[in-house]
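Residue-level structure breakdown
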Amino acid sequence: MPPPVPSSFWEHEPVRDALAQRHLGRVIRAYRHHPYHGRNPLPQVAVADWLGITQAQLSRIENGPPVVHLDRLTHWAQLLRLPAKLLWFALPTTPTGVAAEPSSVTAGQPLPGPVVGSWPNELNHLVNAAPTEEVVTTDRRQFSTLAALAGVTSAAHRELLAEFVDPPSTIGMEQVRVACTLVNELRQADAAVGANELCDVAVQVHSRLLSWAANARYSREVGDALQSALADLAVEAAWLAIDSERRATARPYLNEAITRARIADDPQVEVRALTHLALLMREAQPIESLHCAEAALRTSAGWATPRLRSLLHLRRAHTFAVLNDASGYERAMAKARHELDRGPHDDDQGFVHFVNNQEVQGIRGLSYLCLGQPGRAADAFRVVTTDPSPAHRRNQLLYSVHLIDATRQQGDVNQAARMALDALPAVSMLRSQRVARHLAGVRANLGRLERPTAAVQQFTRAYDQQVTR
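Just so it is clear, the structure is predicted and the values come from calculations on it, not from any experiment.

Summing up its helical and strand segments, the chain has 22 helices and 0 strands in all. Considering only contacts within the chain whose residues lie at least 6 apart along the sequence, 67% involve residues at least 24 apart. Counting only carbon and sulfur atoms, one obtains 50% of the accessible surface of the chain, whose full area is about 20,300 Å².

Moving on to the side chain of Q361. When you line up the elements, Q361 lands in helix α17 (residues 357-370). Excluding residues within four positions of it along the chain, Q361 makes contact with R337, A380, V383 and V384.

Right, let's talk about the environment of N255 for a bit. Within the fold, N255 resides in helix α12 (residues 247-263). Residues N255 and A273 lie 18 residues apart in sequence; the distance between their C-alpha atoms is 7.9 Å.

A few words now on the packing of helix α19 (residues 393-409) against helix α20 (residues 413-429). With their axes 8 Å apart at the nearest point, α19 and α20 run at an angle of 160° to one another. Regarding the angle of α19 to α20, the classification is roughly antiparallel. Of the two possible hands of crossing, α19 and α20 adopt the one that is left-handed. Here R393, L397, V401, L403, I404, T407 and R408 of α19 lie close against α20, whose contacting residues are V413, Q415, A416, M419, A420, A423, A426 and V427.

On to the packing of aromatic side chains, then. Tallied over the full model, the rule gives 7 aromatic pairs. Measuring from centroid to centroid gives 5.7 Å for Y329 and Y368, while their planes differ by 65°, and the two rings are edge-to-face. Here the residue Y329 occupies a position in helix α16 (residues 326-341), and Y368 occupies one in helix α17, the gap between them amounting to 39 residues. Both residues of the pair, Y329 and Y368, count as buried. Ring plane angle 20° and centroid distance 6.0 Å describe the contact between F381 and Y399, whose orientation is recorded as stacked. Of the two residues, F381 is situated in helix α18 (residues 374-386) and Y399 in helix α19; the sequence distance between them amounts to 18 residues. Residues F381 and Y399 agree in their burial class; the two are buried. Cluster of aromatic residues (ring-pair linked, three or more members): F9, W10, Y31 and Y36.

Checked against the element boundaries, Y253 lands in helix α12. Remark: the alpha-carbon pair of Y253 and L230, spanning 23 residues in sequence, is separated by 9.9 Å. Dropping the residues within four chain positions of it, Y253 is found in contact with V203, H206, A234, A237 and A238.

Now for unusual backbone geometry. With glycine set apart, most residues show a phi of negative sign, and most peptide bonds adopt trans. Look at R81: it is not a glycine, yet its phi comes out positive at around 60°. Within the secondary structure layout, R81 lies in the loop between α5 (70-79) and α6 (121-128). Taking relative accessible area as the criterion, R81 reaches 19% and is therefore assigned buried. Although it is not a glycine, E245 sits at a positive phi angle of roughly 60°. Residue position: E245 is located in the loop between α11 (220-243) and α12. Given a relative accessible area of 23%, E245 falls into the partly exposed group.

Another point: the pattern of salt bridges. Considering all chains together, one arrives at 20 salt bridges under this definition. Of the charged contacts, one joins R26 and E221 as a salt bridge, the two residues approaching to 3.7 Å between their closest N and O atoms. On the criterion of sequence distance, the pair formed by R26 in helix α2 (residues 24-32) and E221 in helix α11 is long-range, its members being 195 residues apart. One salt-bridge network, held together by shared partners, links R29, R32 and E62.

Each value, and the rule that gives it
- Residues numbered from 1 in each chain as written.
- Predicted model: local features only at pLDDT ≥ 70, side-chain atom pairs only at ≥ 80, totals over all residues.
- Heavy atoms only, no water.
- Helix = DSSP H or I, 4+ residues; strand = E, 2+ residues; numbered from the N terminus.
- Contact = heavy atoms within 4.5 Å.
- Areas by Shrake-Rupley, 256 points an atom, 1.4 Å probe, with all protein chains shown as cover.
- Axes fitted to C-alpha atoms, helices over the stretch in contact; angles between N-to-C directions.
- Parallel < 35°, antiparallel > 145°, perpendicular 65-115°, else oblique.
- Left-handed = near helix turned anticlockwise from the far one by under 90°.
- Phe/Tyr/Trp six-rings, centres within 6.5 Å; stacked < 30°, edge-to-face > 60°.
- Buried < 20%, exposed > 50% of the residue type's maximum accessible area, 1.4 Å probe, protein only.
- Salt bridge = Lys/Arg side-chain N within 4 Å of Asp/Glu carboxyl O.

Listed below in structure tokens is the structure:
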């Protein structure tokens, strides 16, 4: 871990100059060469080890284009204890809504995550609205509302989203940074409300930025950062497309992301794309899904955090279950649990924060359904529903619906119907077509009963009325 430094450390002129340039790589270089450390600068290999990267990667970061990914900016700023007041980006908020000071982060602690109360009022309204309230749908005139739902409220974000804005003749680093911060905002909103409309936001921003890049002038430095930003946006658009059941749309975005990540020499974005590709291909092409997860493990060898490795082994475990390979499932699940038990890491990327015990239990349940063991699946899903993760409401509802289906498969159709009726308002409010599809499957299966019970009839009537609204 980096040693604590006095407040006067940050008054050193080279450090202040680097901060003024908004280039964290140059800040790190000035940090290493600070006279506080003695006559000799801190070696790159030592600082790279603190940051969880290689010496060669640190050299490129110090001498290449500015880092624009918010996850990395916030983590490294907190790791080096950079004062929040000197930064050009916002640190994660604490439950009080105040930016967490870097000095409060210690080894083994997770970084502060998104807090629902810190999101825009429009988003809080959607999360807490009564089931009878109408939720917006997507059309061109409602894009400002969707932007607010995603937390996109700055003037710069509106420029990326506006329908009629002349494209700029030049692109600067600030526009690239705006695109990167939007990815983090979309991820926070998606975890709470689902992806249906947010997918349109991501697609429009990606399209707008791609059009700008094709017609504007920019420096070599901006161009390198732009490749990485476009790759990250493509990954997020793909994930949102998966959750909104536009699966055919997702694959081209992931292919693009892998290509751009390699051009930008950004293995972290490449691994994110491979992780989502493994999920996308699991049902239709399970062998290819395994190859993607294993390629992500190889690419991230040497820098992957335990939570990232846990996610990749969970991808493998579920795919082995789809292939009806029980022993392969057990081996991969044991590895996933082992990695998760090692705890959170300061280098955890934002997209793996949902990987916790509830997610492991959820994947256990899905895998047991694939292996024809609904009783064990129901036991796993109950762990998720009785000990929910508040920050990941969408996943909790997804596994609640799977618990309903596992209960039906066990033969208790009355209990399944009562549970489905209880879940209907929350699922109706959630903007996740993926969750809605699974509840529709429950409705279809209960509707096939030759002699539906009163509980089943009550649910099917309520479901049909909700769908026809």
